[in-house]
Amino acid sequence: MTEQTNNPITKRDFLQTLGMIGGSAAVMTALSGFEQSLASDMKVPPALNANGNGKKIVILGAGLAGMVSALELGKKGYEVELLEARDFAGGRTSCSRRGTKITHADGTTHTCDFDHGQYLNHGAWRIPGQHHSTLHYCRTLGVELEVMLNHSSQSYVYANNIEGPLNNTRIRRIHMEADRKGNVAELLAKCASGGALDDKLSPEDVEKLLTYLKGMGLINRETFEYQANQVRGFSTYKGGGPNFGTLSEPYNFSDLLNLQMEARELTSDHPTCMFQAKGGMDHISFALRDALPKGLIKLNKEVTKISQTENGVSINYKDTMSGAEMTTTGDYLISTIPYAVVTNIENDFSPAIIEAMNAPAPSEVAKFGLQMKNRFWEVEDMIYGGVSSTSMAGTIAYPSADLHGTNGGVILASYLFGGNSNNFSKMNMNEKIEYALSTGENIHPGQYRENFNGKAAGVIWQDEKYNKSGWSSWRGDSVKKLPTILKGENRVLFAGDCISPRLAGWMAGAIEGAWITIAELDKRVAMS
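Residues numbered from 1 in each chain as written. Predicted model: local features only at pLDDT ≥ 70, side-chain atom pairs only at ≥ 80, totals over all residues. Heavy atoms only, no water.

**A few points about the environment of K43**
As a reminder of what qualifies: In this description a helix means any DSSP run of H or I spanning at least four residues, a strand means any run of E spanning at least two, and both kinds are numbered starting from the N terminus. Contact criterion: two residues are considered in contact whenever any of their non-hydrogen atoms come within 4.5 Å of each other.
The topology assignment puts K43 in the loop between helix 1 (11–33) and strand 1 (56–60). Distance in space between the C-alpha atoms of K43 and T134 is 8.6 Å, their sequence separation being 91 residues. Residues within four places of K43 in sequence aside, it is in contact with H132, H136 and W515.

Below is the structure:
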């Protein structure tokens, strides 16, 4: 046995030391062993020490990761060239608003015509408070934020595939949540009072538990029976004078158990109150774009070949407007192109890199919005922000901007994943609208279709030529391939949320992935 020290090394100390010795790949390998990977506690960009050293960095992709990399490297004197295949910067942090064009899988192009300056977030749509890296750029670049209401207790859950009387029935979220908690509280209280927990808890702790359960306001304090209560709410609301209201009656617990939707509680990165960029999340992209020197981002440049030598990189690309073929060179390359796309570009990456890029699964994601003439969900249903959940249309999200406004609003009418997203992709525009309307009518009968103003827009990420997925999903043992990508190759490194397994699909994943990569690049330049 070795002698125990009184000052054991902490996990943070260990990782910092490992990073200095082995770089980011070694740190990520250790973190995956802790089953932790990227925790979002990075608050500011990494300190870069090489001062550019006259090095030119070519960056592929002007999404958040590409623009953050360009911004921070430029501050240290690196020469940066940023190539983007689309005609705009921002990637998935973009919006449909009047004039936005989206080409669908069937080859048709739809132009958004939303009124009143309203919009639909294509990708990023919410920022939790612990995503310090995203908030850092909002704060330093002057992006105005507003509250995004992620949870509304008055929204609905609707299932059309369960047994029992709750099938094809819209259920208030607060009713479902109160009934679940109340019935569990009843069962637990009866077990505790009947001695079933005596081998688990001391008599004192049993009394404390019962006091807690009775204090929830869900069960009868004497019989422990779950009953109608003010937490669940009222079927007719109390008011002035003799109007004391009528408490709503709970669902049968056995019937409620058939409803397996929305079993998870709110998580730390999906709390009730979040943030969004005022006017649309693409304002974060606009701020990063405008912080870069004019001309640094070259739009409409589709990469056709990536090659490298011991001393540099060479990139062939096509101007999608003129068709002209061009070549650029640099000392190093940072690719933020999604794996599903970059692996199909001619390259000289090693088989190990290609295998690692094929390890995470491309996610199928669709987001489709309908513009409504009136905010009936607020007036009729008391829903302010938050989401309703269905077994057909996935998530239906209500806008948090312009609450109680007079110009209606854009509802995220279909937020779909996997097979549902692929089936949605096969529909033409009219079919997509009808699908969204018919599913929404289940949640808001007599209101949804009546208030639709005929304007709709959306994106299906697996159909996007320069994405082929919503994000990369690292599942199970696939994350063991991540250190190979983090290490990169001689002159090529990779960035983006695709190297942030625990933040995949988040803006923070793209930003912090960029921070990790530029720190690694800076280290290599300093040692060269």
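More follows now that the structure is in view.
**Observations regarding the pattern of salt bridges**
Rules: Here, a salt bridge means any Lys or Arg side-chain nitrogen found within 4 Å of an Asp or Glu carboxyl oxygen.
Under the criterion given, the structure shown has 26 salt bridges. Among the salt bridges present, the one from K181 reaches E265, with a minimum N-O distance of 3.9 Å. Of the two residues, K181 is situated in helix 4 (residues 173–193) and E265 in the loop between helix 6 (253–256) and strand 12 (273–277); the sequence distance between them amounts to 84 residues. Linked through salt bridges whose partners overlap, the residues forming this network are K56, E81 and K298.

**Focus on the sheet that holds strand 13 (residues 297–298)**
Threshold: When DSSP locates at least two bridges between a pair of strands, those strands are taken to pair.
Across the sheet, which stays open at both edges, the 5 strands sit in the order 13-2-1-17-26 with parallel pairing between neighbours. Edge positions in the sheet fall to strand 13 and strand 26 (492–494), since each has one partner strand and no second. In the sheet, strand 2 (residues 79–83) pairs with strand 13 via 2 bridges, with the strands oriented parallel. In the strand pairing of strand 13, L82 is matched with I297.

**Comments concerning the environment of V44**
Rules: Working definition: with a 1.4 Å probe on protein chains only, accessible area under 20% of the residue-type maximum means buried, over 50% means exposed, and in between means partly exposed.
Inspection of the secondary structure assignment puts V44 in the loop between helix 1 and strand 1. On the accessibility criterion, V44 (51% relative accessible area) is exposed. With 85 residues separating them in the primary sequence, V44 and G129 have C-alpha atoms 15 Å apart.

**Brief notes about the sheet that holds strand 18 (residues 346–347)**
Within the open sheet, the 4 strands sit side by side as 16-15-14-18. Their pairing is mixed. Among the strands making up the open sheet, the edge pair consists of strand 16 (325–330) and strand 18. Here strand 15 (residues 313–319) runs beside strand 16; their pairing, made up of 6 bridges, is antiparallel. Bridging across to strand 16, Y317 finds its partner in M326.

**Things to note about the nonpolar core**
Applied cut-off: For the purposes of this section, nonpolar cores are sets of buried Ala, Val, Leu, Ile, Met, Phe, Trp, Tyr and Cys residues that join through side-chain atoms within 4.5 Å.
Counting residues in each nonpolar core, the largest one holds 42 residues, and the members touching the most others are M67, L73, L82, I284 and L521. For this core, the leading source of residues is helix 15 (residues 507–527), giving 8 residues. Membership of the second largest hydrophobic core comes to 28 residues, among which are V313, Y317, L333 and M357.

**What about unusual backbone geometry?**
Non-glycine residue N51 carries a positive phi angle of around 55 degrees. Tracing the backbone shows N51 in the loop between helix 1 and strand 1. In the Ramachandran plot, K468 falls in the positive-phi region, its phi being about 65 degrees despite a non-glycine side chain. Within the element layout of this structure, K468 appears in the loop between strand 24 (452–460) and strand 25 (472–473).

**A few points about the packing of aromatic side chains**
Note the cut-off: Note on ring pairs: Phe, Tyr and Trp rings are taken, using the six-membered ring of Trp, and paired if centres are within 6.5 Å. Classes follow the plane angle, with under 30 degrees stacked, over 60 edge-to-face and the rest tilted. For a Lys NZ or an Arg CZ to count as sitting over a ring, it must be within 6 Å of the ring centre and within 35 degrees of the ring normal.
Following the criterion strictly, the structure yields 11 aromatic pairs and no others. An angle of 85 degrees between the planes, with centres 5.7 Å apart, marks the rings of W125 and Y415 as edge-to-face. Taken together, the positions of W125 in the loop between strand 6 (120–121) and helix 3 (132–140) and Y415 in strand 23 (residues 409–417) put the pair 290 residues apart, joining distant regions of the chain. Classification of W125 as buried rests on a relative accessible area of 12%. Aromatic pair F376 and W377: ring centres 5.1 Å apart, planes at 85 degrees, arrangement edge-to-face. Here a set of aromatic residues connected by ring pairs shows up, and it is made of W125, Y415, F417 and W471. Its guanidinium or amino end placed over the ring of Y415, K367 lies 5.1 Å from that ring's centre, counting from NZ or CZ.

**Things to note about the packing of helix 4 against helix 5 (residues 203–215)**
Stated formally: Every angle, taken between N-to-C directions, lies between 0 and 180 degrees, and every axis is a line fitted to C-alpha atoms, over only the stretch in contact when it is a helix. Orientation labels follow simple angle bins: below 35 degrees gives roughly parallel, above 145 gives roughly antiparallel, 65 to 115 gives roughly perpendicular, and whatever is left gives oblique. Handedness of each helix crossing follows the sense of rotation of the near helix against the far helix: counterclockwise by less than a right angle gives left-handed, clockwise gives right-handed. Amino acids are sorted into nonpolar (Ala, Val, Leu, Ile, Met, Phe, Trp, Tyr, Cys and Pro), charged (Asp, Glu, Lys and Arg) and polar (every other residue, Gly among them).
Where helix 4 meets helix 5, the closest approach of the two axes is 10 Å, and the angle between their N-to-C directions is 155 degrees. Relative to helix 5, helix 4 is oriented roughly antiparallel. Classified by chirality, the crossing of helix 5 by helix 4 is left-handed. Residues A185, L188, A189, A192 and S193 of helix 4 pack against V206, L209, L210 and L213 of helix 5. Residues of the contact of helix 4 with helix 5, tallied by class, amount to 8 nonpolar, 1 polar and no charged.

**Re the confidence of the model for the chain**
Atom-level detail of predicted coordinates should not be read off regions where pLDDT is low. Defined as follows: Per-residue confidence from the predictor is reported as pLDDT, a score between 0 and 100.
Across the chain, pLDDT averages 92, with 92% of residues at or above 70. When the criterion is pLDDT under 50, residues 1–39 qualifies, and its contacts beyond four places in sequence or with other chains add up to 47 contacts.

**Notes on helix 5**
Quick note on the threshold: To estimate the expected span of a helix, count its residues, drop one, and scale the result by 1.5 Å.
The end-to-end C-alpha separation of helix 5 is 18 Å, in line with the 18 Å expected for 13 residues at 1.5 Å each. Close packing links the buried residues of helix 5 with helix 4. Phi turns positive, to about 80 degrees, at G217, one or two residues after helix 5.

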